[in-house]
Amino acid sequence: MIRNNWTREEITEIYNTPVLDLIYQAATVHRQHHDAQEVQVCTLLSVKTGGCSEDCAYCPQAARYHTDVKVHKLMEVEEVMQKAMEAKEAGSTRFCMGAAWREVRDNKDFDKVLSMVKGVSRLDMEVCCTLGMLTHEQAEKLKAAGLYAYNHNLDTSEEFYGDIITTRTYKDRLETLDNVRNAKISVCSGGIIGMGEKEQDRIGMLLTLATLPQHPESVPVNALVPVEGTPLEDQEKVSVWEMLRMIATARIIMPKAMVRLSAGRVRMTMEEQALCFLAGANSIFAGDKLLTTPNPGSVQDKEMFQLLNLKPRKSYKDLEKQVSAAL
Ligand code: SAM
Ligand code: DTB
Ligand code: SF4
């Protein structure tokens, strides 16, 4: 059963279940709603890098922090198409384009992004963007261009949000999610752990996500990648048990969502990642780079898929084709 009326008490109880029982329960829910061998493979591309006006404390792309990230203006459509084709070739079925923008503006750059969306969608990949805040009209335009999903993370709880970001509000974030949902674009929203938040903040974020009128179709769980020059550069690594609690709780309360084991895989062993898949994670970012930071390469991931008997999930477009061929 899919529920949107979870309470904080219920989620807290799930989150604090003895960890092996929690993994077992999440694995059970996972198997009721998904093929547990299937993992969605997504590729990220930073189409506009750095120089961002926001103050997100975790982010190497904020202009105000002194990090090694080189500012790069919006890429050309042809270059992006090349990268998308390479990602498809390497087995990805979702291609996510990220821009270090506070919000989308109605200008030439947005028109260029619309062309990128059109182009990638013609490759029969699920096209995703993460461009900051969107108005309803902008969401409609992206949808018309063929956008399949939009990523916009809540990042943490409403209470802790102001400790991490001051240049926009939680309400702004929720409004964009609403605009995306109303434009009938698939919603991808999750957060980051390891930023100094308390357990109640992790639970608070999960509560907000799981009580939206409709659950996000994807929930990325990122472990902070501490980057030198950002205010969070010295944060300690989160233990795998915390990652597991987050993934398993998300899986149990949002059973149909794709739960993505996102940033932070470079610091996890294969055994740790295997536990995350067991606990209900069924999506990853592939390729040796996330947006600006390293990610395990395809050789390592291929080995992991073979060892754990995982198979990449087909894109919804391939599934549509199979259905129409069968009719
Ligand atoms: N500028 C847009 C925005 O903020 O929505 C899109 C790009 S932004 C880089 C996308 C997401 O990446 C953030 O919401 C955050 O969850 C994640 N992220 C950024 N830096 C990270 C880091 N150092 N570690 C983990 N996740 C990070
Ligand atoms: C998400 O939740 N994680 C991805 C994607 N959505 C856009 C981004 C992770 C970024 C990690 C830091 C970096 O590489 O710059
Ligand atoms: Fe800008 Fe997005 Fe980074 Fe925040 S997370 S500084 S909005 S690129």
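Quick notes on the rules
- Residues numbered from 1 in each chain as written.
- Chains lettered and ligands numbered in written order.
- Predicted model: local features only at pLDDT ≥ 70, side-chain atom pairs only at ≥ 80, totals over all residues.
- Heavy atoms only, no water.
- 1 Å grid on protein atoms, 1.4 Å probe; cavity = no way out; pocket = protein on both sides within 12 Å on 5 of 7 lines; lining within 4 Å.
- Points joined across faces, edges and corners; volume = space filled by probe spheres on them.
- Helix = DSSP H or I, 4+ residues; strand = E, 2+ residues; numbered from the N terminus.
- Nonpolar A, V, L, I, M, F, W, Y, C, P; charged D, E, K, R; others polar.
- Near = heavy atom within 4 Å.
- Sits in = over half its atoms within 2 Å of the grid points.
- Salt bridge = Lys/Arg side-chain N within 4 Å of Asp/Glu carboxyl O.
- Buried < 20%, exposed > 50% of the residue type's maximum accessible area, 1.4 Å probe, protein only.
- Areas by Shrake-Rupley, 256 points an atom, 1.4 Å probe, with all protein chains shown as cover.
- Core = buried A, V, L, I, M, F, W, Y, C linked by side-chain atoms within 4.5 Å.

**Q** Requested: an account of the layout of surface pockets, with residues and values cited.
**A** Estimates place the volume of the largest pocket at around 780 Å³. Lining of the largest pocket is provided by 32 residues; of these, Thr43, Leu44, Ala286, Gly287 and Asp288 occupy positions nearest its centre. Only strand 1 (38-48), helix 3 (77-89), strand 9 (283-286) and helix 11 (298-308) provide two or more residues apiece to the lining of the largest pocket. Split by residue class, the lining of the largest pocket holds 15 nonpolar, ten polar and seven charged. Counted as a void, the second largest pocket has a volume near 260 Å³. Along the walls of the second largest pocket sit 18 residues, with His215, Pro216, Glu217, Lys256 and Ala257 positioned nearest its centre.

**Q** Can you lay out empty space enclosed by the protein for me, pointing to particular residues and giving the numbers?
**A** This structure, assessed with the given rule, holds three cavities of 30 Å³ or more. Of the pockets and cavities examined, the largest cavity occupies roughly 850 Å³. In this structure, the largest cavity is lined by 43 residues; those nearest its centre are Tyr58, Cys59, Gln61, Asn153 and Leu291. For the lining of the largest cavity, the secondary structure elements donating two or more residues are strand 1, strand 2 (94-99), strand 3 (126-130) and strand 7 (218-223). Among the elements that line the lining of the largest cavity, the one with the most residues is strand 2, at four residues. The residue inventory of the lining of the largest cavity, partitioned by class, reads 24 nonpolar, twelve polar and seven charged. By volume, the second largest cavity amounts to about 90 Å³.

**Q** An account of the site of ligand 3 is requested, with residue identities and associated values reported.
**A** Near ligand 3, the surroundings consist of Cys52, Glu54, Cys56, Tyr58, Cys59, Ala62, Ala100, Trp101 and Arg168. Judged by the proximity of its atoms to the pocket grid, ligand 3 belongs to the largest cavity.

**Q** Break down the pattern of salt bridges for me, citing the residues and quoting the values.
**A** Using the criterion set out here, one finds 13 salt bridges in the structure. Between Glu217 and Arg181 there is a salt bridge, and its shortest N-O distance comes to 3.0 Å. Taken together, the residues span a long stretch of sequence, with Glu217 in the loop between helix 8 (199-210) and strand 7 and Arg181 in helix 7 (residues 170-182) at a distance of 36 residues. Taking the relative accessible area as the measure of exposure, Glu217 reaches 27% and is therefore partly exposed. The salt bridge partner of Arg202 is Glu242, with a shortest N-O separation of 2.6 Å.

**Q** Would you mind going over the site of ligand 2 in detail, with residue names and values included?
**A** Ligand 2 sits among Leu44, Pro60, Thr130, Asn151, Asn153, Pro220, Asn222, Phe285, Leu290, Leu291, Thr292 and Thr293. The fraction of the free accessible surface of ligand 2 (400 Å²) that becomes covered by protein chains is 89%. With respect to the pocket detection grid, ligand 2 is positioned in the largest cavity. A per-class count over the shell around ligand 2 returns six nonpolar, six polar and no charged.

**Q** Run through the nonpolar core, naming residues and quoting values.
**A** The biggest cluster of nonpolar side chains holds 96 residues, and the ones touching the most others in it are Tyr58, Met97 and Leu142. Sorting elements by how many residues they give to this core places helix 9 (residues 240-253) first, with nine residues. With eight residues, the next largest nonpolar core counts Cys42, Cys128, Ala149 and Ala263 among its residues.

**Q** Go over unusual backbone geometry with me, naming the residues and quoting the values.
**A** Residues other than glycine seldom take positive phi values, yet Lys184 does so here, at roughly 60 degrees. With respect to the secondary-structure elements, Lys184 resides in the loop between helix 7 and strand 5 (186-188). Even without being glycine, Asn309 reaches a positive phi, approximately 60 degrees. As for its position among the elements, Asn309 is in the loop between helix 11 and strand 10 (311-312). Residue Asn309 is classed as partly exposed on the basis of its relative accessible area, which comes to 48%.

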